[in-house]
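Below, each chain spelled out in residue letters.
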Amino acid sequence: QTNTSVATSLGPHFFPQISLIFLDMLTVYRMYSELVSSTIAEGGPYASKSSFVKLLRSIKRETLKLIETFVDKAEDLPHLGKQFVPPMMDPILGDYARNVPDARESEVLSLFATIINKYKAEMLDDVPRIFEAVFQCTLEMITKNFEDYPEHRLKFFSLLRAIGTHCFKALIQLSSQQLKLVIDSINWAFRHTERNIAETGLSLLLEILKNFQASEFTNQFYKTYFLTIEQEIFAVLTDSFHKPGFKLHVLVLQHLFCVVDGLTEPLWDASTVSYPSNAMFVRDYTIKLLGASFPNMTAAEVTKFVDGLLGSRHDLPSFKNHIRDFLVQSKEFSAQDNKDLYAEEAAVQREKERQRMLAIPGLIAPSELQDEMVDS
C-alpha cells in the first residue's frame, strides 16, 4: 500500500518503477502457485491441508491482497491499473481454474470484483475470460451444500454483482446456457440461509431485472425467466427462514408485477392457451402457484390477495403492506416472531427517535456520539 501511494504521488514518470513492482508481485504469485500445485500433485489431494501448503497459500493470499490494494489505490493513475489486467490472466485466473478446489484462493474473486468496480465498462472485453476461469468451477464448489467454502460464496456473488452492474453487456453476450447458469446461481444465492449471501443475490437479481427491462432483449429475457423467478421469490418469501430478506423480496415482486405492462410478447405458451394480456396470465398463474403453496387457504382468499397485489403494484408501501398482512395471517407465520417483516419501519422509527434526541442538547452523551462516528 505504501509503494502504491508513493507511486501515485510521483506521477507518470514513475510508471516504469510501478511496472517493475507489479511484475515482481506477479512473479512471486506464480512461483508460489507452482509450488502449491506441484506439492499437491505429488502428495495427493490431502496435501492441500498440510502446514507447508497452508503457509504457501497464505503468501499467495497476501500477494493477492497487495495487488488488490495496488489497483484500488491508484486513484491518480486511472488507466494504469487496467494495463496490468492482461498479465494477471494466466498467473492468477489460470491458476485458479487449474487448481483443486481446496487450493483456490477466494481473494482472486474479490480482486477481480475490485478491478471491475474500479474500471467498470473498460473491463467489458475481459469479462468472458474471467467468466470462463472462475464461474463454473466456483459454482461446483459452493452449490453442493450451504456450508463449504463460505469465503468463496460471498466473494463470488460480489464479483457477479460487479459484472452485472458495470459490464451488463457482457451478460447479454453470453450464450443461453451460460445466462441460465447465471440466473440459476442467483436463485441459489437468495435461497441461501446466510443473510449476506441471500441479500447479495437478491440485490444482483433486481439490478439484472432492471437492466434487461431497459434493453432490447426485454421480451426475450422475461419470456424465458419471468415465471421461474416469480416462483423462486414466492418460495423464499413464504419460507419463514428467509424473513430478513422481506424488503428485497417485495422489491423484486413489485418489479415483476409492474414489468408485465410493458412486455409486447405473451408470457404464456400461445400454442396451448390464450389470454387478453400478460397481467391476466400472471394473475391466473400466481393464484394457482399460491393455491398450491397455501392449501389451508380458500381459493377466494388467495384470489383476493393476488388481485390486491396487481391493484397495488404501482404503490410500493401499499404493495408491501398487502404482502405482509397476507404472510402474518397465514398459518406458517401466525405463531412466529415476525419482527423481521417490520425491520425497515423499525429502523426508520429508531432514526426519528435519534434525531429527536439529538435536537435536545445534552440528551445524548458526547462519548456516545463519538462511538457512532467510529462505527460509521
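- The protein has the name Exportin-1 C-terminal domain-containing protein in an unreviewed UniProt entry, where Aegilops tauschii subsp. strangulata is given as its organism.
- Among the UniProt annotations of the protein, the heading Subcellular location (unreviewed entry) holds the following wording: "Nucleus".
- UniProt lists a comment for the protein under the heading Sequence similarities (unreviewed entry), and it reads "Belongs to the exportin family."

Observations regarding the overall build of the protein
- Assigned secondary structure in the protein consists of 19 helices and 0 strands.
- For the protein, restricting intrachain contacts to residue pairs at least 6 apart in sequence, the fraction spanning at least 24 positions comes to 70%.

Observations concerning the nonpolar core
- Of all hydrophobic cores here, the largest spans 100 residues; its most connected members are Met88, Ile92, Phe112, Phe221 and Ile323.
- A total of 10 residues in this core trace back to one element, the largest contributor, which is helix 7 (residues 127-142).
- Non-local contacts of Ile92, meaning those with residues more than four positions away in its chain, are made with Leu26, Tyr29, Leu64, Ile67, Val108, Leu111 and Phe112.
- One finds Tyr32, Val53, Leu56 and Ala103 within the second-largest nonpolar core, a separate group that totals 6 residues.

Here's the deal with the pattern of salt bridges
- Scanning the model with the defined rule gives 17 salt bridges in all.
- Put simply, Glu105 and Arg57 hold a salt bridge, and the shortest N to O gap is 2.7 Å. On the criterion of sequence distance, the pair formed by Glu105 in the loop between helix 5 (85-98) and helix 6 (107-119) and Arg57 in helix 3 (residues 51-73) is long-range, its members being 48 residues apart. The same class applies to Glu105 and to Arg57, which are both buried.
- Where salt bridges share partners, they join Arg57, Lys60, Arg61, Asp95 and Glu105 into one cluster.

A look at helix 15 (residues 299-312)
- Over its 14 residues, helix 15 runs 20 Å from end to end, which matches the ideal 20 Å to within 8%, given 1.5 Å per residue.
- Taken together, the buried positions of helix 15 are Val302, Phe305, Val306, Gly308, Leu309, Leu310 and Ser312.
- Tucked into the core, helix 15 has its buried residues touching helix 12 (218-237), helix 13 (246-259), helix 14 (278-293) and helix 16 (316-329).

Some details on the packing of aromatic side chains
- Tallying each qualifying case throughout the model produces 15 aromatic pairs.
- Aromatic side chains Phe221 and Tyr225 sit 5.2 Å apart centroid to centroid with 40° between the ring planes, which places their arrangement in the tilted category. Of this pair, Phe221 and Tyr225 both sit in helix 12, 4 residues apart, which is roughly one turn of that helix. With respect to burial, Phe221 and Tyr225 carry one shared label: buried.
- In this arrangement the basic side chain of Arg104 is found over the ring face of Tyr96, its NZ or CZ atom lying 5.8 Å from the centre.

Some remarks on the side chain of Arg153
- Assignment of secondary structure puts Arg153 in helix 8 (residues 150-166).
- It turns out Arg153 is buried and unbridged, and the closest side chain with the opposite charge, Asp148, is 5.8 Å from it.
- Not counting the four nearest positions on each side in its chain, Arg153 is found in contact with Ile142, Asn145, Phe146, Glu147, Asp148, Trp188, His192 and Ile197.

Details of the environment of Phe146
- By secondary structure assignment, the location of Phe146 is in the loop between helix 7 and helix 8.
- Under the relative-accessibility criterion, Phe146 is labelled partly exposed at 33%.
- In this structure the C-alpha to C-alpha distance between Phe146 and Trp188, which are 42 residues apart in sequence, comes to 9.8 Å.
- The contact partners of Phe146, leaving out residues within four places of it in the chain, are Arg153, Trp188, Arg191 and His192.

Considerations on the side chain of Asn99
- Among the structural elements, Asn99 can be located in the loop between helix 5 and helix 6.
- Using a relative accessible area of 6% as the deciding quantity, one classes Asn99 as buried.
- Residue contacts for Asn99: discarding those within four places in its chain leaves Ser37, Lys60 and Arg104.

Concerning unusual backbone geometry
- Unusually for a residue other than glycine, Lys120 sits at a positive phi of about 50°.
- In this structure, Lys120 sits in the loop between helix 6 and helix 7.
- On the accessibility criterion, Lys120 (39% relative accessible area) is partly exposed.
- One non-glycine residue, Tyr149, lies in the positive phi region at around 55°.
- Structurally, the position occupied by Tyr149 is in the loop between helix 7 and helix 8.

Quick notes on the packing of helix 8 against helix 11 (residues 195-213)
- One way to put it is that helix 8 packs onto helix 11 with a least axis distance of 10 Å and a crossing angle of 15°. Between helix 8 and helix 11, the crossing angle belongs to the class labelled roughly parallel. Crossing handedness for the pair helix 8 and helix 11: left-handed. Between helix 8 and helix 11, the residues in contact are Arg153, Leu154, Phe157, Ser158, Leu160, Arg161, Gly164 and Thr165 and Asn196, Ile197, Thr200, Ser203, Leu204, Glu207 and Asn211, respectively.
- A class-by-class count of the residues in the contact of helix 8 with helix 11 yields 5 nonpolar, 7 polar and 3 charged.

Things to note about the environment of Ser110
- Tracing the chain through its elements places Ser110 in helix 6.
- On the accessibility criterion, Ser110 (15% relative accessible area) is buried.
- Spatially, the C-alpha atoms of Ser110 and His152 are 9.0 Å apart, while their sequence positions differ by 42 residues.
- The residues touching Ser110, leaving out its near neighbours within four places in the chain, are Glu68 and Lys155.

Definitions and limits used
The numbering scheme is per chain: residues are counted from 1 as the chain's sequence reads. Totals for whole chains, interfaces and linings use all residues, but because this is a predicted model, local features are given only for residues with pLDDT of at least 70 and pairs of side-chain atoms are given and counted only at 80 or more. To obtain the side-chain values, all non-hydrogen atoms of the structure were included, while hydrogens and water were left out. UniProt positions are given in the numbering used here, feature names are shortened, and annotations may be inferred rather than shown by experiment. Counting from the N terminus, the helices are DSSP H or I runs at least four residues long and the strands are E runs at least two residues long. Contacts are residue-level and defined by heavy atoms, with any inter-residue pair within 4.5 Å sufficient. By convention a nonpolar core is built from buried Ala, Val, Leu, Ile, Met, Phe, Trp, Tyr and Cys residues, the set being connected through side-chain atoms within 4.5 Å. Think of it in three bands: residues with accessible area under 20% of the maximum for their type are buried, residues over 50% are exposed, and the middle band is partly exposed, with areas taken using a 1.4 Å probe on protein chains only. Definition used for salt bridges: Asp or Glu carboxyl oxygen within 4 Å of a side-chain nitrogen of Lys or Arg. Multiply 1.5 Å by the residue count of a helix minus one, and that product is the helix's expected span. Each Phe, Tyr or Trp ring (for Trp, its six-membered ring) is paired with any other whose centre lies within 6.5 Å, and the angle between the two planes then decides the class: stacked below 30 degrees, edge-to-face above 60, tilted in between. Note on geometry: a ring has a charge over it if NZ (lysine) or CZ (arginine) is within 6 Å of the ring centre and within 35 degrees of the ring normal. Counting rule applied: Lys, Arg positive; Asp, Glu negative; His and chain ends not counted. Angles run from 0 to 180 degrees between N-to-C directions of axes, and those axes are lines fitted to C-alpha atoms, restricted for helices to the stretch in contact. Any angle between 65 and 115 degrees counts as roughly perpendicular, while under 35 counts as roughly parallel, over 145 as roughly antiparallel, and the rest as oblique. For any pair of crossing helices, the crossing counts as left-handed if the nearer helix is rotated counterclockwise from the farther one by less than a right angle, and right-handed if it is rotated clockwise. Classification convention: Asp, Glu, Lys, Arg as charged; Ala, Val, Leu, Ile, Met, Phe, Trp, Tyr, Cys, Pro as nonpolar; all other residues, Gly among them, as polar.

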